[in-house]
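As a plain string of letters, each chain reads:
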Number of protein chains: 2
Amino acid sequence: MSQSRGYIVPIGGAEEKLKDRVVLRHFAEICGRRTGEIAVIATASRLPETGRDYVRLFRDLKVRKVKLLDIHRRSDCDDEDYLRMIDRADGVFMTGGDQLRLSTIIGGTPIGEALIRRNREGLHVAGTSAGAAFISTHMIAFGDDGPTPRFNMVTLCPGLGLTDQVIVDQHFRQRNRLGRLLAAISYNPAMIGLGIDEDTAAFIDPEDTLTVYGSGGITVVDPAEVDYSSMDQASQRKPISLTGLRLHVLISGGTFNLVTRRATPGVALPTGG
Amino acid sequence: MSQSRGYIVPIGGAEEKLKDRVVLRHFAEICGRRTGEIAVIATASRLPETGRDYVRLFRDLKVRKVKLLDIHRRSDCDDEDYLRMIDRADGVFMTGGDQLRLSTIIGGTPIGEALIRRNREGLHVAGTSAGAAFISTHMIAFGDDGPTPRFNMVTLCPGLGLTDQVIVDQHFRQRNRLGRLLAAISYNPAMIGLGIDEDTAAFIDPEDTLTVYGSGGITVVDPAEVDYSSMDQASQRKPISLTGLRLHVLISGGTFNLVTRRATPGVALPTGG
């Protein structure tokens, strides 16, 4: 098979929408922009304007065709027209809101299966805030803020499952979420933690190298050499001990290879603002 | 590639060990028994005798070679001898104890990766109780007992990841765990719930059909047609609503195909006792 996987693009929320629109513009670029077609999924949001706003944003960025998939119930997820749109689209964009709306409404449905299959065939999938959390196999459903990892401070559940290599947290430094990302990793130090700041995105390419775009940073927590986690001995609200973590803080242009675990500062990219 | 995946065998705990030993005997059979080699992983247990007891049990069942992998820390998980044993073994058996010991000690290590790779190549992997919980991608770490699914009654985290098709719970009817299995599924109705009773096992074959062995039953919760989950709107300790679940209760000889979702009562098998 010559086809390769599409990009997987978790965004930290609150991406800049009025000026340079660096993150949204780059997603539009990889989708082909003037030749491309993007489907917007606003299921995470309860606000009727969320989906329409992103449709307008991508149209302003000169994407050829932009469609809203109006999915609010599980029964919307076998709509033939929506499935055809996903079959045809170059990119899918999932908005913010509540990631549990995405997992409870889309999980295990024909739309959910189509997103997984089409991403393997080349469809680019981006999500911001709740949409970013939902992308990976293991999703942070909710949790407490703060710098210290504690027992039971984070609730994990199955996400969409485009990649099992990472666990994503968003609004990362704005909401002081290092503790809950470390707690998520302490259960099973097999996944790489990605703490993504607002107006910042990880563009994970088909070869599993991510490149940072946007005005903030991405905190990469690599547990490959963790030699101890106390999660199995912790109790209610007590702090967790983890030793041997490797941490990278990357900004625009920085890269990290999820397979080799190598980070580079990379080359400066436009950050907007 | 002509090789097919090995069996995946979650066992509900407390399997009978003195008389017919139906579950352990059948695992020994598929591993080749008089020609076979089984490696025992007792990492979940803090009791030194647990691993030695299973080594003796499989030797009594005339398995040609049985070895204990003495893994108690993450640094044990790159031992070359242990990795060679997993490369050579026909089967691996993981004992009971605490599944968080398995995930915090083995997750993301060379031993963890070898188990995943070798199962894809044909290694049979069984686990009882904690060992059963650890087998799948999404693992029940702990939770509350009771028949009603409630918000936050169950804690999920990443397991070993041999299959992402099921979430396993064990000691199922003995500890009244239907509520927490339904709660686990309510986050994202994409995985099939397997509630496995004591002295009972699901032998999941390379074509993803499971067959029940042992004296108890397996409760299969299939969410393929779920049209509603209230998990995204629930709050602390409140009950969860789920509509459209399909439920099968299977006993010895019963089968369930994880792909077609078809259940059959099957043919009676010896249950021992």
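Just so we're clear, the structure is a prediction, and the values are computed from it rather than from any experiment. (Residues numbered from 1 in each chain as written. Chains lettered and ligands numbered in written order. Predicted model: local features only at pLDDT ≥ 70, side-chain atom pairs only at ≥ 80, totals over all residues.)

1. Focus: the overall build of chain A
Secondary structure summary: chain A contains seven helices and 17 strands in total. The C-alpha radius of gyration computed for chain A amounts to 18 Å, which stays within 12% of the reference 19 Å derived for 273 residues, consistent with globular compactness. When the backbone C-alpha atoms are referred to their principal axes, chain A occupies close to 50 × 45 × 40 Å. Across the 273 residues in chain A, those meeting the buried criterion constitute 56%. Restricting the contact set of chain A to residue pairs at least 6 apart, pairs at least 24 apart contribute 74%. (Helix = DSSP H or I, 4+ residues; strand = E, 2+ residues; numbered from the N terminus. Rg over C-alpha atoms; globule rule 2.2 N^0.38 Å. Buried ≥ 20, exposed ≤ 12 C-beta atoms within 10 Å, placed from the backbone. Contact = placed C-beta atoms within 7 Å.)

2. Things to note about the interface of chain B and chain A
When the parts come together, some accessible area is lost, and that loss is often what is quoted as the size of the interface. The partner chain A presents 33 residues to the 33 residues of chain B that form the contact. Those elements that place two or more of their residues in the side of chain B that touches chain A are helix H4 (99-106), strand E6 (138-143), strand E7 (154-158) and strand E13 (228-229) of chain B.

3. Some points on the sheet that holds strand E10 (residues 200-204) of chain A
All names here are of chain A. What the nine strands build is an open sheet, ordered E3-E2-E4-E5-E1-E10-E11-E16-E17; its pairing is mixed. Only two strands of the sheet have a single partner each, and these edge strands are strand E3 (65-69) and strand E17 (263-264). Taken together, the three bridges between strand E11 (residues 209-214) and strand E16 (residues 255-257) define a ladder with antiparallel strand orientation. Along E16, the bridge assignment pairs Thr211 with Thr255. (Pairing = 2+ DSSP bridges.)

4. Looking at the nonpolar core
In this structure, Val9(A), Val92(A), Ala202(A), Val9(B), Val92(B) and Ala202(B) are the most contacted members of the largest nonpolar core, which totals 175 residues. In this view, Val9(B) contacts Phe27(B), His124(B), Val125(B), Ala126(B), Ala201(B), Ala202(B), Phe203(B) and Ile204(B); residues no more than four positions away in its chain are not counted. (Core = buried A, V, L, I, M, F, W, Y, C linked by C-beta atoms within 7 Å.)

5. A closer look at the sheet that holds strand E15 (residues 246-251) of chain B
All names here are of chain B. Taken in spatial order, the four strands line up as E8-E9-E12-E15 in an open sheet, and their pairing is mixed. On the outer flanks of this sheet lie strand E8 (166-169) and E15, each paired with one strand and no other. Adjacent strand axes in the sheet meet at a mean angle of 20°, parallel and antiparallel pairs treated alike. Pairing of strand E12 (residues 217-222) with E15 involves six bridges; the strand directions are antiparallel. By the bridge assignment for E15, Thr219 is matched with Val249. Against the sheet, helix H7 (residues 178-186) contacts E8, strand E9 (192-196) and E12, and its axis sits at roughly 160° relative to E9. (Axes fitted to C-alpha atoms, helices over the stretch in contact; angles between N-to-C directions.)

6. Here we look at unusual backbone geometry
Residues and elements named next belong to chain A. Of note in this structure, His171 is not a glycine but carries a positive phi near 45°. One can find His171 in the loop between strand E8 (166-169) and helix H7 (178-186). Overall, the presence of 20 C-beta atoms within 10 Å leaves His171 in the buried class.

7. Here's the deal with the relation of the copies chain B and chain A
When chain B is fitted onto chain A, the two copies agree to an RMSD of 0.0 Å after a turn of 180° and an axial shift of 0.0 Å. In the structure described here, the two chain copies are related by an operation that fits a two-fold rotation axis. Relative to the rotation axis, the closest C-alpha in chain B is found at Leu156(B), a distance of 2.8 Å. By residue overlap, the copies meet face to face through one surface: 100% of the interface positions of chain B are interface positions in chain A. (Least-squares fit on C-alpha atoms with pLDDT ≥ 70 in both.)

8. Some words on the pairing of E9(B)
Residues and elements named next belong to chain B. Burial analysis of E9 places five of its five residues in the buried class, the great majority of the element. Side chains Ile192, Leu194 and Ile196 project from E9 onto one buried face, and the interleaved Gly193 and Gly195 project onto a second face that is buried too. Bridge count for E8 against E9 is four bridges, and the pairing is parallel. Residue pairing across strands places Val166 opposite Ile192, the latter belonging to E9. When E9 meets E12, the two strands line up antiparallel, connected through four bridges.

9. Some points on the confidence of the model for chain A
For chain A, the average pLDDT comes to 95, and 99% of its residues sit at 70 or higher. The ipTM assigned to the predicted complex is 0.91, against a pTM of 0.94. (pLDDT = per-residue confidence, 0-100.)

10. Some thoughts on the packing of helix H3 (residues 80-88) of chain B against helix H5 (residues 110-121) of chain B
Any two packed helices are characterised by how steeply their axes cross, that is the angle between the axes, and by the distance between the axes. All names here are of chain B. Contact geometry for H3 and H5: axes closest at 10 Å, N-to-C directions at 10°. Here H3 is positioned roughly parallel relative to H5, judged by the angle of their axes. Judged by residue contacts, Tyr82, Leu83, Ile86 and Asp87 of H3 engage Pro110, Ile111, Ala114, Leu115 and Arg118 from H5. Residue composition of the contact of H3 with H5, by class: seven nonpolar, no polar and two charged. (Parallel < 35°, antiparallel > 145°, perpendicular 65-115°, else oblique. Nonpolar A, V, L, I, M, F, W, Y, C, P; charged D, E, K, R; others polar.)

11. What about the pairing of E12(B)?
Summarising burial for E12(B): six of the six residues are buried, a large majority. Of the two faces of E12(B), the one lined by Gly217(B), Thr219(B) and Val221(B) and the one lined by Ile218(B), Val220(B) and Asp222(B) are each fully buried.

12. Re H5(B)
Note: α-helices contain 3.6 residues per turn, so residues at a spacing of three or four share the same orientation. Residues and elements named next belong to chain B. Taking 1.5 Å of rise per residue, the twelve residues of H5 would be expected to cover 16 Å, and the 16 Å separating its terminal C-alpha atoms lies within 8% of that figure. When H5 is considered as a whole, its buried residues turn out to be Ile111, Gly112, Ala114, Leu115 and Asn119. For H5, the angular spread of buried residues about the axis comes to 160°, placing them on one side. Of the residues in H5, the exposed ones pointing more than 90 degrees away from the buried face are Arg117 and Glu121. Close packing links the buried residues of H5 with strand E1 (8-11), H3, strand E4 (91-94), H4 and strand E5 (124-128). (Expected span 1.5 Å × (residues − 1). Arc of directions from axis to C-beta.)

13. Details of the environment of Thr104(A)
Turning to its location among the elements, Thr104(A) is positioned in helix H4 (residues 99-106). Taking the C-beta count within 10 Å as the criterion, Thr104(A) has 27 such neighbours and is therefore assigned buried. Along the chain, Thr104(A) and Gly159(A) lie 55 residues apart, while their C-alpha atoms are 9.5 Å from each other. Filtering out sequence-adjacent residues up to four positions away, Thr104(A) remains in contact with Tyr187(B), Asn188(B), Ser229(B), Met231(B) and Asp232(B).

14. What to know about helix H3 (residues 80-88) of chain A
Residue and element names in this part refer to chain A. The set of residues buried in H3 consists of Tyr82, Met85 and Ile86. Along the long axis of H3, the arc covered by the buried residues comes to 95°, so they all point the same way. Looking at H3, the residues exposed on the side facing more than 90 degrees away from the buried face are Glu80, Asp81, Arg84 and Asp87. Tucked inside the fold, the buried residues of H3 contact strand E2 (37-41), E3, strand E4 (91-94) and helix H5 (110-121).

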